[in-house]
Amino acid sequence: MERRCDICQENEAIYTDYSRGVSLCTNCLKSSIRRRAWAVLENELQEGDKIVVAHSGGKDSSLALYITKEFIDTHPDMKLNLVSLTIDEGTFYRKASIELAKKLAEKLGIRYIVFTMEDIHGISIEDIKVNIPKNWRRSVCTYCGVLRRQAINAVARELGASVVITGHNLDDIVQTSLMNIARGDVNALVKTLRHERRIEEGLIPRIRPLKYVYEREIAALVIALGIPAHLGKCPFTQGMRIGIRRVIDELEDEASGSKIRALRSFYLITRSIRPRVEIKRCKVCGEPTTADLCKACQFKLELSDFFGKDLLKPPSFEKASSEKEWIWSNR
Ligand SMILES: [Zn+2]
Ligand SMILES: [Zn+2]
């Protein structure tokens, strides 16, 4: 027998929230997620923002795009502009999700743009996977994270965006925070959790509207609404994140609500700490960094040996400058 929604008592329930002990229908789950996401957007977006959504085609960024579009449509006075950006890492995994990303952007009537990792960094993640030795101390996932993050920031900046929206959910942020703690990297922890819009030259502020939303809530809603999105996890996830994810999931199973309480605690702990970092410019590529060489250039230098060629050159943004005008023009 189908279960009724505990909120509206009307529709069929599709999701159970164990921490509150309630089952929700599609409408009530959507309202609940939208309430949390919009609170973040209301707090952090500013009038006239040019928003780039880092849209991989996965469920999280697809829902972030969907919810942000609804926010924009219902807040015309804020004069917000939105584009969807995919960074194609060149992996087999990305191919399917790019098609889905394009489909969703079209459906929502949003400008859509793809940059390949090769366009920007001169190498793809597939190349890295093939060229690094077995049992190398760094995983493909580590290279991908750094190169992708830098690519998103740099493309958004070159496109003239004022803010980047990402699909990071509650699970992601708690995992990353605990990884920072396990590594003893308090500066990284503060950077992970800072939420105020800071103006640091070259760094585009980031907003994570789904930061208080569980990954499983996102999956349930994306399926229920039929939003075109890739539902799988990245097959390249490796290293510490896997163990941390398992620990946090077990904790949540034993004590519902642990993830949200952990995130609130991390925010409280780090609120009064200022990161001890000075933003400089990378000597090779000019991107913002805290060292002489940015992480992406450090990695490219290290990978050059395996590739048998010099990979250390500034990223290229020709495509970004040529698309700039079109991307923000009124349709
Ligand atoms: Zn309901
Ligand atoms: Zn650099």
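Quick caveat: nothing in here was measured; it's all calculated off a predicted structure.

Here we take up the pattern of salt bridges. Summed over the entire model, instances satisfying the criterion amount to 20 salt bridges. When the shortest N-O distance is used, the salt bridge between Asp73 and Lys69 registers 2.9 Å. Of this pair, Asp73 and Lys69 both sit in helix α2 (residues 59-74), 4 residues apart, roughly one helical turn. By relative accessible area, which is 48% here, Asp73 ends up partly exposed. Residue classification places Lys69 among the buried positions, given a relative accessible area of 17%. A salt bridge links Lys283 to Asp292; the shortest N-O distance between them is 3.8 Å. Judged by its relative accessible area of 67%, Lys283 falls in the exposed class.

Looking at the chain, the pLDDT average stands at 90 and 97% of residues meet or exceed 70. Of all secondary-structure elements in the chain, the lowest mean pLDDT belongs to helix α13 (residues 318-328), at 77, while α2 reaches the highest, 98.

What follows covers the coordination of the zinc ion (ligand 1). Surrounding the zinc ion (ligand 1) are the protein donor atoms Cys5 (SG), Cys8 (SG), Cys25 (SG) and Cys28 (SG), which sit 2.3 Å from the metal. Around the zinc ion (ligand 1) sit 4 donor atoms; with metal-centred angles ranging over 103 to 117°, the donor geometry is tetrahedral. Each donor residue of the zinc ion (ligand 1) lies on the same chain, and together they follow the pattern C-x2-C-x16-C-x2-C. On the basis of relative accessibility, which here comes to 0%, the residue Cys5 falls in the buried class.

For residues that are not glycine, phi is negative in most cases, and the peptide bond is trans in most cases. The backbone of Gln9 shows a phi angle near 60°, a positive value even though the residue is not glycine. A relative accessible area of 56% means that Gln9 is categorised as exposed. Located in the positive-phi region is Lys79, a residue other than glycine, with phi close to 50°. Mapped onto the fold, Lys79 is located in the loop between α2 and β4 (81-88). According to the relative accessible area criterion, Lys79 is exposed, its value standing at 57%.

This next bit is on the coordination of the zinc ion (ligand 2). The zinc ion (ligand 2) binds to the protein through Cys282 (SG), Cys285 (SG), Cys294 (SG) and Cys297 (SG), with metal-donor distances spanning 2.2 to 2.3 Å. Classification of the site at the zinc ion (ligand 2) as tetrahedral follows from its 4 donor atoms and the range of 105 to 115° in their angles at the metal. For the zinc ion (ligand 2), the donor residues sit on a single chain with the sequence spacing C-x2-C-x8-C-x2-C. Neither Cys285 nor Cys294 differs from the other in exposure class; each is buried.

On to the packing of aromatic side chains, then. Scanning the model with the defined rule gives 4 aromatic pairs in all. Seen in terms of ring centroids, Trp38 and Phe71 are 5.4 Å apart; in terms of plane orientation they differ by 85°. Their pairing is edge-to-face. Pair noted here: Trp38 is in helix α1 (residues 26-44) and Phe71 is in helix α2, with a separation of 33 residues, a long-range link. Trp38 sits in the buried class, given a relative accessible area of 17%. The exposure class of Phe71 is buried, given its relative accessible area of 0%. Judged by centre distance (6.5 Å) and plane angle (55°), the ring pair of Tyr212 and Tyr267 falls under tilted. Taken as a pair, Tyr212 in the loop between β7 (206-207) and α9 (215-225) and Tyr267 in helix α11 (residues 258-270) lie far apart in primary sequence, 55 residues in all. Exposure remark for Tyr267: the relative accessible area of 10% places this residue in the buried category. The aromatic ring of Trp38 is capped on one face by Arg34, whose charged end is 5.4 Å from the ring centroid. Arg216 extends its terminal NZ or CZ atom over the ring of Tyr214, reaching a point 5.2 Å from the ring centre.

Further remarks concern the pairing of strand β5 (residues 111-116). Note: β4 against β5, 6 bridges, orientation parallel. Looking across to β5, one finds that Ser84 is bridged to Tyr112. Taken together, β4, helix α3 (residues 92-108) and β5 constitute a β-α-β crossover, and its handedness is right-handed.

A few words now on the side chain of Lys30. Relative to the helices and strands, Lys30 is located in helix α1. The exposure class assigned to Lys30 is buried, which follows from its relative accessible area of 18%. Those residues in contact with Lys30 that lie beyond four places of it in its chain are Tyr66, Glu70, Leu221 and Leu225.

Analysis parameters
- Residues numbered from 1 in each chain as written.
- Chains lettered and ligands numbered in written order.
- Predicted model: local features only at pLDDT ≥ 70, side-chain atom pairs only at ≥ 80, totals over all residues.
- Heavy atoms only, no water.
- Salt bridge = Lys/Arg side-chain N within 4 Å of Asp/Glu carboxyl O.
- Helix = DSSP H or I, 4+ residues; strand = E, 2+ residues; numbered from the N terminus.
- Buried < 20%, exposed > 50% of the residue type's maximum accessible area, 1.4 Å probe, protein only.
- pLDDT = per-residue confidence, 0-100.
- Donors = N, O, S within 2.8 Å, 3.2 Å for Na, K, Ca; no water.
- Tetrahedral: all angles 85-135°; square planar, octahedral: opposite > 155°, others 65-115°.
- Phe/Tyr/Trp six-rings, centres within 6.5 Å; stacked < 30°, edge-to-face > 60°.
- Lys NZ or Arg CZ within 6 Å of the ring centre and 35° of its normal.
- Pairing = 2+ DSSP bridges.
- Right-handed = clockwise from strand over helix to strand, strands pointing away.
- Contact = heavy atoms within 4.5 Å.

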